[in-house]
Amino acid sequence: MDSVAYDVDSSTLYVRFNSGATYSYSGVPQSEYNGLMSASSHGTYLNAHIKGSYPYQKL
């Protein structure tokens with residue numbers, strides 16, 4: 001991942017990958033964002049906890 005941002009007001013997680021593709025994941029609790037940021041592997045956490053669990057769209 002290239003960068004990660006989180007909007008508290010909308011519970012939206014934004015992820016930009018090294019390829020430049022950016023995705024938004026909606027309805028993500030702040031606890032999931034905190035878990036992602038503290039994980040030893042952001043990619044592994046994203047795959048295990050975020051992808052497939054929250055609606056997303058490519059921006």
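Residues numbered from 1 in each chain as written. Predicted model: local features only at pLDDT ≥ 70, side-chain atom pairs only at ≥ 80, totals over all residues. Heavy atoms only, no water.

**Student:** Hey, could you run me through the pattern of salt bridges in this one?
**Tutor:** Two side chains with opposite charge may pair up if their charged atoms get near one another. The final tally for this structure, using the stated rule, is one salt bridge. Here Asp2 and Arg16 are joined by a salt bridge, their closest N and O atoms 2.8 Å apart. With Asp2 in the segment before β1 (3–7) and Arg16 in strand β2 (residues 12–16), the pair connects residues that are 14 residues apart, well separated along the chain. On the accessibility criterion, Arg16 (36% relative accessible area) is partly exposed. (Salt bridge = Lys/Arg side-chain N within 4 Å of Asp/Glu carboxyl O. Helix = DSSP H or I, 4+ residues; strand = E, 2+ residues; numbered from the N terminus. Buried < 20%, exposed > 50% of the residue type's maximum accessible area, 1.4 Å probe, protein only.)

**Student:** Honestly, the pairing of β2 in this entry has me stumped. Any pointers?
**Tutor:** For a regular strand, side chains alternate in direction, first toward one face of the sheet and then toward the other. Here β1 runs beside β2; their pairing, made up of five bridges, is antiparallel. Among the inter-strand pairings, Asp7 is bridged to a residue of β2, identified as Thr12. Adjacent in sequence and paired antiparallel, β1 and β2 are bridged by four residues, among which Ser11 carries a positive phi angle near 55 degrees. The turn joining β2 and strand β3 (residues 22–26), which pair antiparallel and follow one another in sequence, is formed by five residues; a positive phi near 100 degrees is taken by Gly20. (Pairing = 2+ DSSP bridges.)

**Student:** Before we go on, may I ask you to explain the packing of aromatic side chains in this structure?
**Tutor:** The geometry of an aromatic ring pair is captured by two quantities: the separation of the ring centres and the angle between the planes. Taken as a whole and judged by the stated rule, the model has four aromatic pairs. Judged by centre distance (5.8 Å) and plane angle (80 degrees), the rings of Phe17 and Tyr23 are edge-to-face. A connected cluster of aromatic rings, assembled from ring pairs, spans Phe17, Tyr23, Tyr25 and Tyr56. (Phe/Tyr/Trp six-rings, centres within 6.5 Å; stacked < 30°, edge-to-face > 60°.)

**Student:** Teacher, can you tell me more about helix α2 (residues 42–50) here?
**Tutor:** Along an α-helix, a turn takes 3.6 residues, which lines up residues three or four apart on a common side. Within the sequence span of α2, burial applies to Tyr45, Leu46 and Ile50. Buried residues of α2 fall within an arc of 100 degrees about the axis and therefore sit on the same side. Away from its buried face by more than 90 degrees, α2 exposes Thr44 and Ala48. Contacts from the buried residues of α2 go to β2, β3 and α1 (30–38). Residue Gly52 follows α2 closely and has a positive phi angle near 85 degrees. (Arc of directions from axis to C-beta. Contact = heavy atoms within 4.5 Å.)

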